[in-house]
Amino acid sequence: QVQLVESGGGLVQAGGSLRLSCVASGRTFSNYAMGWFRQAPGKEREFVATISWNGRSAAYADSVKGRFTISRDNAKNTVYLQMNTLKPEDTAVYYCAARLSLGMGYKDHDEYDYWGQGAQVTVSS
């Protein structure tokens, strides 16, 4: 089992920045590809970003490309999502997810094995 705990959400004005963190425990963190997803009220959960086990490869949804950056620190068992130039449409609950894999590019929520509890991000206009 892997436990994932997100933090860093909150309320920010449009154009502002937030950094989400997700700390993992329970297994060897570096064996896992990690992802961030989000779900807005009344909408399906959608892919945001994913990063390979060693942090050398990343992929993003078109809607966040150029504004969000995913990174990880395997020594701290933590994955981050730096969110810049936030827009009201970024408002959602953000979830981190883990997949036991040394591969890359997992954009479907069904591909992930473990999930955090979510962190609320609200962007005001």
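Reference entry: report on the structure contained in this document. Because the structure is a prediction, the values reported are computed rather than measured.

1. A few points about the sheet that holds strand E8 (residues 78–83)
And step 1. A sheet is described by the order of its strands in space; here four strands give the open sequence E1-E3-E8-E7, paired in antiparallel fashion. Whereas interior strands pair on both sides, the edge strands pair on one side only; in this sheet they are strand E1 (3–7) and strand E7 (68–73). Geometrically, the sheet is characterised by an average inter-axis angle of 15 degrees between neighbouring strands, direction not taken into account.
And step 2. Where E1 lies against strand E3 (residues 18–25), five bridges are found, and the strand directions are antiparallel. Residue pairing in the sheet places leucine 4 in a bridge with alanine 24 of E3.

2. A closer look at unusual backbone geometry
And step 1. One non-glycine residue, asparagine 77, lies in the positive phi region at around 55 degrees.
And step 2. Relative to the helices and strands, asparagine 77 resides in the loop between E7 and E8.
And step 3. Phi is positive for threonine 85, close to 45 degrees, though the residue is something other than glycine.
And step 4. Summarising the element assignment, threonine 85 is placed in the loop between E8 and strand E9 (92–100).

3. Comments concerning the environment of leucine 86
And step 1. Within the fold, leucine 86 resides in the loop between E8 and E9.
And step 2. A relative accessible area of 2% places leucine 86 in the buried class.
And step 3. Separated by 29 residues in sequence, leucine 86 and tryptophan 115 place their C-alpha atoms 24 Å apart.
And step 4. Not counting residues up to four positions away in its chain, the partners in contact with leucine 86 are Val12, Ala14, Gly15, Gly16, Ser17, Leu18, Arg67, Phe68 and Val123.

4. A word on the pattern of salt bridges
And step 1. Counting across every chain of the model gives four salt bridges.
And step 2. For aspartate 62, the salt bridge identified is with lysine 65, shortest N-O distance 3.1 Å.
And step 3. Given a relative accessible area of 48%, lysine 65 falls into the partly exposed group.
And step 4. Counted as one network, the salt bridges with shared partners bring together Arg38, Glu46, Arg67 and Asp90.

5. Considerations on the side chain of aspartate 90
And step 1. Structurally, aspartate 90 is set in the loop between E8 and E9.
And step 2. Residue classification places aspartate 90 among the buried positions, given a relative accessible area of 1%.
And step 3. Reaching out from aspartate 90, the side chain makes a polar contact with the side chain of arginine 38 at a distance of 2.9 Å.
And step 4. Within the structure, aspartate 90 has its side chain in polar contact with the side chain of arginine 67 (distance 2.7 Å).

6. Notes on the pairing of strand E11 (residues 119–124)
And step 1. Where burial is concerned, the two faces of E11 differ: the one with Ala119, Val121 and Val123 is buried and the one with Gln120, Thr122 and Ser124 is not.
And step 2. Direction of pairing for strand E2 (residues 10–13) relative to E11: parallel, over a ladder of four bridges. Within E11, the position partnered with glycine 10 by the bridge is valine 121.

7. What about the pairing of E7?
And step 1. Along E7, the buried face is formed by Phe68, Ile70 and Arg72; none of Thr69, Ser71 and Asp73, which line the opposite face, is buried.
And step 2. Two strands pair when backbone bridges link them, and E7 and E8 are joined in this way by six bridges, in the antiparallel orientation. Bridge pairing in E8 places threonine 69 opposite glutamine 82.
And step 3. Count of turn residues in the E7/E8 antiparallel hairpin: four residues, of which asparagine 77 carries a positive phi of about 55 degrees.

The rules behind these values
- Residues numbered from 1 in each chain as written.
- Predicted model: local features only at pLDDT ≥ 70, side-chain atom pairs only at ≥ 80, totals over all residues.
- Heavy atoms only, no water.
- Pairing = 2+ DSSP bridges.
- Helix = DSSP H or I, 4+ residues; strand = E, 2+ residues; numbered from the N terminus.
- Axes fitted to C-alpha atoms, helices over the stretch in contact; angles between N-to-C directions.
- Buried < 20%, exposed > 50% of the residue type's maximum accessible area, 1.4 Å probe, protein only.
- Contact = heavy atoms within 4.5 Å.
- Salt bridge = Lys/Arg side-chain N within 4 Å of Asp/Glu carboxyl O.
- Polar contact = N/O pair within 3.5 Å; in protein donor to acceptor, adjacent residues only side chain to side chain.

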